Amino acid sequence: MKREPGERRLSVRQLVLRYLLLLAVLALTAGPFLWQLSTSLKGPGEDIYRYPPSLIPRQATLANYAGVARVIPVWDFALNSLKVAAANVLTNCVGAALAGYALARMRFRGRRAALTVFIMAMLVPVESIMIAQFVTMRELQLNNTLIGVLLPGCIGAMNVLLMRNAFAGLPYEVEEAAYIDGAHAWQRFVRIALPSVKGTLAVVAIFAFMGAWDDFLWPLIVLSDQSKFTLTIGLNFLHGTFADDQRLVAAGTVIAVLPLIVLFACLQRYFFRGVGEAAVKG
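Predicted model, so just to flag it, every value in this text is computed and none were measured. Position numbers for residues count from 1 along each chain, tracking the sequence in the order it is written. With the structure being a predicted model, the display of local features is reserved for residues of pLDDT at least 70 and the display and counting of side-chain atom pairs for 80 or more, all residues being used for whole-chain, interface and lining totals. Side-chain figures throughout are based on the complete set of non-hydrogen atoms in the structure, without hydrogens or water.

Visitor: Please provide a residue-by-residue account of the overall build of the protein chain, values included.
Guide: Of regular secondary structure, the protein chain possesses 14 helices and zero strands. We count a stretch as a helix when DSSP gives it H or I for four or more residues in a row; a strand needs E for two or more, and each element gets its number in order from the N terminus. When its helices and strands are written in sequence order, the protein chain yields α-α-α-α-α-α-α-α-α-α-α-α-α-α. For a compact globule of 282 residues, the expected C-alpha radius of gyration is about 19 Å, and the protein chain comes in at 24 Å, more than 25% above that figure. C-alpha extents for the protein chain along the principal axes are approximately 75 × 65 × 30 Å. In this scheme, a residue with accessible area under 20% of its type's maximum is buried, one over 50% is exposed, and one in between is partly exposed, where area comes from a 1.4 Å probe on protein chains only. When burial is assessed residue by residue, the protein chain has 34% of its 282 residues classed as buried. Taking as baseline every contact in the protein chain between residues at least 6 positions apart, the subset at least 24 positions apart corresponds to 71%. Using a 1.4 Å probe, the Shrake-Rupley method yields the accessible areas, and only the shown protein chains count as cover for residues. Surface summary for the protein chain: the accessible area is close to 17400 Å², and the carbon and sulfur share equals 66%. Across the protein chain, the centroid of the 26 positively charged side chains sits 8 Å from that of the 17 negatively charged ones. For the radius of gyration, the atoms used are the C-alpha atoms, and the globule rule reads 2.2 Å times the number of residues raised to 0.38. Between two residues, a contact is recorded if the distance between any of their heavy atoms is within 4.5 Å. By the counting rule applied here, Lys and Arg register as positive and Asp and Glu as negative, while His and the ends of each chain are not counted. For charged residues, the charge sits on one atom: NZ in Lys, CZ in Arg, CG in Asp, CD in Glu.

Visitor: So what about the nonpolar core? Which residues, and what values?
Guide: To form a nonpolar core, buried Ala, Val, Leu, Ile, Met, Phe, Trp, Tyr and Cys residues must be joined to one another through side-chain atoms within 4.5 Å. Counting 54 residues, the largest nonpolar core has Val68, Ile72, Met163, Phe167, Phe209, Trp213 and Leu231 as its most contacted members. In terms of residue count, helix 3 (residues 74–105) provides more of this core than any other element does, 12 residues in total. Not counting residues up to four positions away in its chain, the partners in contact with tryptophan 213 are Ala78, Ser81, Leu82, Ala85, Leu231, Thr232, Ala256, Pro259 and Leu260.

Visitor: Break down the side chain of glutamine 133 for me, with residues and values.
Guide: Take glutamine 133: it is sitting in helix 5 (residues 130–139). A relative accessible area of 17% means that glutamine 133 is categorised as buried. For glutamine 133, the contacting residues outside a window of four places in its chain are Pro152 and Trp218.

Visitor: Could you give an account of the side chain of asparagine 144, with specific residues and numbers?
Guide: Topologically, asparagine 144 is positioned in the loop between helix 5 and helix 6 (146–150). Separated by 3.0 Å, the side chain of asparagine 144 and the backbone nitrogen of serine 224 make a polar contact. Dropping the residues within four chain positions of it, asparagine 144 is found in contact with Val222, Leu223, Ser224, Asp225 and Lys228. In the analysis that follows, any N or O atom pair within 3.5 Å is treated as a polar contact, provided that within protein one partner can donate a hydrogen and the other can accept it, and provided that, for residues neighboring in sequence, both atoms belong to side chains.

Visitor: I'd like a description of the environment of glycine 234, backed by residues and values.
Guide: By the element assignment, glycine 234 lies in helix 12 (residues 231–241). Glycine 234 sits 214 residues away from leucine 20 along the chain, and the two C-alpha atoms are 39 Å apart. Once residues within four sequence positions are removed from consideration, glycine 234 is found in contact with Ile72 and Phe77.

Visitor: An account of a nonpolar patch on the surface is needed here, citing residue identities and associated values.
Guide: Patch construction takes residues with relative accessible area above 30% that form no salt bridge. Like charges are linked within 9 Å, and nonpolar side chains (Val, Leu, Ile, Met, Phe, Trp, Tyr) are linked within 5 Å. Here, a salt bridge means any Lys or Arg side-chain nitrogen found within 4 Å of an Asp or Glu carboxyl oxygen. A cluster of nonpolar residues, Val12, Val16, Leu20, Leu23 and Leu26, forms a patch on the protein surface that exposes about 490 Å² of accessible area. Here leucine 26 lies in helix 1 (residues 12–40).

Visitor: Let's hear about the packing of aromatic side chains: which residues, and what values?
Guide: For Phe, Tyr and Trp, where Trp contributes only its six-membered ring, two rings pair if their centres lie within 6.5 Å, and the inter-plane angle classes them as stacked under 30 degrees, edge-to-face over 60, or tilted in between. If you walk through the whole model with that rule in mind, you get six aromatic pairs. Residues phenylalanine 167 and phenylalanine 189 carry aromatic rings whose centres are separated by 6.1 Å and whose planes lie at 55° to one another, so their mutual orientation is tilted. On the criterion of sequence distance, the pair formed by phenylalanine 167 in helix 7 (residues 157–168) and phenylalanine 189 in helix 9 (residues 185–193) is long-range, its members being 22 residues apart. Phenylalanine 189 sits in the buried class, given a relative accessible area of 6%. Pairing phenylalanine 209 with tryptophan 213 gives two aromatic rings, centres 5.6 Å apart and planes at 10°, and the pair type is stacked. Here the residue phenylalanine 209 and the residue tryptophan 213 both occupy positions in helix 10 (residues 198–214), the gap between them amounting to four residues, near one helical turn. Each member of the pair, phenylalanine 209 as well as tryptophan 213, is classed as buried. Three or more aromatic residues link up through ring pairs in this structure, and these residues are Tyr101, Phe167, Trp186 and Phe189.

Visitor: Account for the confidence of the model for the protein chain, with residues named and values stated.
Guide: Close inspection of predicted coordinates is inappropriate in any region flagged by low pLDDT. What pLDDT reports is the predictor's confidence in each residue, on a scale of 0 through 100. Summary statistics for the protein chain give a mean pLDDT of 83 and a share of 90% for residues scoring 70 or more. Taken together, the stretch residues 274–282 has pLDDT below 50 and engages in 13 contacts with residues farther than four places along the chain or on a different chain.

Visitor: Account for helix 10, naming residues and giving values.
Guide: In this model, helix 10 (17 residues) spans 24 Å end to end at C-alpha, consistent with the 24 Å of a helix rising 1.5 Å per residue. Within helix 10, the full set of buried residues consists of Gly199, Thr200, Ala202, Val203, Val204, Ala205, Ile206, Ala208, Phe209, Ala212 and Trp213. To estimate how far a helix should reach, multiply one less than its number of residues by 1.5 Å.

Visitor: Can you break down the state of the cysteines residue by residue, with the values?
Guide: Disulfides are defined as pairs of cysteine sulfur atoms found within 2.5 Å of each other. In the structure shown here, the tally under the stated rule is zero disulfides. Cysteine 93 forms no disulfide, and the closest cysteine sulfur to it belongs to cysteine 154, at a distance of 13 Å.

Visitor: Residue-level account of the environment of phenylalanine 216, with values.
Guide: By the element assignment, phenylalanine 216 lies in the loop between helix 10 and helix 11 (217–222). The exposure class assigned to phenylalanine 216 is partly exposed, which follows from its relative accessible area of 32%. In this structure, phenylalanine 216 is in contact with Thr232, Ile233 and Asn236, ignoring residues within four places of it in sequence.

See the structure below:
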């Protein structure tokens, strides 16, 4: 492979050290999930606490996943989580894109103040406003509803700032040409700006889905009806009822993680795309 001008060739020692560090990071990040996956596939005759540990099950079985469904209505909980997460992705992508475009491209009185408010909102710990959120949901009669779970996080301040920075990085010349051709603000947003920030939009979608899917504390506070529990709350029953059967706990964990893996696999090509690529090409 041809080296770039000025690129320094790494020594064998440096290459070995680099790959050892990469393997260490991989073990720390992917290791716990691989351990849970292995535990979820082990049969009742295998010792999951053996030393040295074994990641490859000797008696691989899917019975643990069926056992989770027998203990709790895991698929109903997963459907509730999917409803909240999908709605959270939609509201964050639409709301953050609109707000980010307005903050980056449109001139209006109070724009700097609005940007400051979004920045300050990121500095406020969620736990400090949770009581106020609960009282608000109660006054709106949204307690014990999935809408009540969704509403506080339907548009995140971080997502708005991400979209604002993405739109601000686009070249003005492209929009100016569209403006001269008679395109109004909505057409410039939909046809030029939005297709140019697919990478950032994918990041917002992934973060919004992960935040809603993995949230535990807020659904635990606002929900009381078991039929409306999300997956994170429902899986907690596995720890209380079958605390000694870690195979069921591991199977429930894998069920909860799989949708996140599928989402990232679908959006990864947009996730790593540079901001403004489509605008420069178009």
